[in-house]
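Letter by letter, the chains look like this.
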Amino acid sequence: MTEHDFKILIDKYLSGKCSDEEKKAIEFWYAVSEEEHVIDRSTLNFHKKQIREDLSKKIKRKPKVFKFNNYWKVAATAIVASAITMAIYFNQNPKTLLLSEVPTIMPVKDQVELKLADGKTIVINPKIKQDITTSDGLSIRVDEQGNLLYQQEAVNTSDAPIAYNTLTTPKGTISSILLADGSKVTLNAASSLRFPSRFQQDKREVYLEGEGYFEIKKTANHSSFIVNSKQQSVKVLGTKFVVKNYVGEAESRTTLVEGKVEVSALKANHSLILSPGQEATLNASGLIKREYDESSLAWINNDFIFINADLAEICVELERWYDVKFKIDNDIEKKRFTGAIAKNKSLQEILNIMSSSQKLHFRINAKTIYVSNF
């Protein structure tokens, strides 16, 4: 029951149009409610005054607490439980609005940042074709597709120190970079890739936080390519795969599109070899191999695809794309959804679909969205 529905029920009571069940429910709500539980203090205090005056005509004492028999207590509690819950909920979050009452929320689409080894930060707009050259021989070009083409001026000796740069994508942004060896990395929103100014002859090694799609180019000497993340490492020769390892998430995932990779858990002496069509998940239960579904690669094509995904999991993805924060009632976090929608849609469009399919209620305060049942 929404705040609006609850007020309608009170209006029905005051106009004498309630059913017996609804009437007893409202009287029970009045009896047990305290001032801190009201939805809208001014409006509902006025309603409570009217209810008190109406009830006072029927009894000779102030009706602060009513003595319903057990049957009506149970019935009334069942009818107004959600209303009282909503009253407490909205009192705790008094400034929330319906999503339809705020401007359309679109993906953030901020600029990406390249932090150089010397601490300098270069801000790059992937939507603008440009060429950037630094004093230390670093050349960055943004092509027509928005890819960052990275090239470091060759050094005269292999003994020269290797410096690491970090590319970071903010929320709501996907960015691609072509590394010096010709390998391409596409970073999902809120992700970062730490990579060297030049690769060693026998080993190419990068560090990922978040999610990235790797298209690794084979080298003449067949040097391995290693993707390190907090919980695991992935070793390849030439292949296409996705690594997902966001800070704060309990599970890491490696999805193989082409070739062959070896996934190793860093805290356990355990590794797996993946073939195309397989993915490895690493969580508290260990390192597990399974077949992957299309949801694992949807973001590369700028889509959301959820297959039997729970509400909490979906909200994490939406937070990362629209730069908002969700607060979900505990009893609905495990509601599950299956569906697909393009990532260029507004947040309101996505939540309206979810609301109609699972009877969810969304309200917003600044950048925090509160989710409850109808």
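Everything below is about the structure shown above.
All chains use their own residue numbering, which begins from 1 and follows the written sequence. Local features in this predicted model are restricted to residues of pLDDT 70 or higher, and side-chain atom pairs are both shown and tallied only at a pLDDT of 80 or more, whereas totals for entire chains, interfaces and linings draw on every residue. Note that the side-chain values use all heavy atoms of the structure and ignore hydrogens as well as water.

Draft legend 1. Region of the structure containing the side chain of Ser192. Only DSSP runs of H or I with at least four residues qualify as helices, and only runs of E with at least two residues qualify as strands; both kinds are numbered from the N terminus onward. With respect to the helices, strands and loops of the structure, Ser192 is situated in strand S10 (residues 191-196). Here a residue-residue contact requires only that any non-hydrogen atoms of the pair lie within 4.5 Å. Beyond its immediate chain neighbours, meaning those up to four positions away, Ser192 contacts Thr166, Leu167, Thr168, Leu187, Tyr207, Leu208 and Glu209.

Draft legend 2. Focus on the pattern of salt bridges. By definition, a salt bridge exists where a carboxyl oxygen of Asp or Glu is found within 4 Å of a side-chain nitrogen of Lys or Arg. One pass over the structure, following the stated rule, counts 13 salt bridges. Ionic pairing is found between Asp310 and Lys334, a salt bridge with its closest N-O pair at 3.9 Å. You can see Asp310 sitting in strand S20 (residues 303-310) and its partner Lys334 sitting in the loop between strand S21 (325-328) and strand S22 (336-342), a full 24 residues away along the chain. Judged by its relative accessible area of 62%, Lys334 falls in the exposed class. Taken together, the shared-partner salt bridges in this structure form one network comprising Glu211, Arg253, Glu279 and Arg290. Exposure categories follow from relative accessible area, calculated using a 1.4 Å probe and restricted to protein chains: below 20% of the type maximum is buried, above 50% is exposed, and the middle band is partly exposed.

Draft legend 3. Region of the structure containing helix H6 (residues 347-358). Taking 1.5 Å as the rise per residue, H6 with 12 residues should run 16 Å; its terminal C-alpha atoms sit 17 Å apart, in good agreement. In this structure, the buried side of H6 is in contact with S20, helix H5 (311-322), S21, S22, strand S23 (360-365) and strand S24 (368-373). One or two steps after H6, the chain reaches Lys359, where phi turns positive at roughly 55°. Helix span, expected: 1.5 Å multiplied by one less than the number of residues in the helix.

Draft legend 4. How the structure looks around the environment of Ile341. The residue Ile341 is located in strand S22 in this model. Residue classification places Ile341 among the buried residues on the basis of a relative accessible area of 18%. In this structure, Ile341 is in contact with Asp303, Phe304, Ile350 and Ile353, ignoring residues within four places of it in sequence.

Draft legend 5. Seen up close, the environment of Pro126. As for its placement among the helices and strands, Pro126 is situated in the loop between strand S3 (121-124) and strand S4 (130-133). The exposure class of Pro126 is buried, given its relative accessible area of 14%. For the pair Pro126 and Val142, spaced 16 residues apart in sequence, the C-alpha to C-alpha distance is 6.5 Å. Residue contacts for Pro126: discarding those within four places in its chain leaves Val112, Val142, Gly146 and Ser175.

Draft legend 6. Main features of the packing of aromatic side chains. When the centres of two rings from Phe, Tyr and Trp lie within 6.5 Å, Trp using its six-membered ring, the rings pair. Their planes under 30 degrees apart give stacked, over 60 give edge-to-face, and anything left gives tilted. Overall, the coordinates contain 5 aromatic pairs when judged by the stated rule. Ring geometry for Tyr164 versus Tyr207: centroids 6.0 Å apart, planes at 65°, classification edge-to-face. With Tyr164 in strand S7 (residues 164-169) and Tyr207 in strand S11 (residues 203-215), this pair connects stretches of sequence that are 43 residues apart. The exposure class of Tyr207 is partly exposed, given its relative accessible area of 31%.

Draft legend 7. Geometry of the nonpolar core. Among buried residues, the Ala, Val, Leu, Ile, Met, Phe, Trp, Tyr and Cys ones that are joined through side-chain atoms within 4.5 Å form a nonpolar core. Grouped together as the largest cluster of nonpolar side chains are 38 residues, with contacts concentrated most on Phe214 and Phe241. The residues contacting Phe241, other than those within four sequence positions of it, are Gly212, Tyr213, Phe214, Ile216, Val227, Val234, Val236, Thr254, Thr255, Leu256, Val257 and Val261. One finds Cys315, Phe337, Leu347 and Leu351 within the second-largest nonpolar core, a separate group that totals 27 residues.

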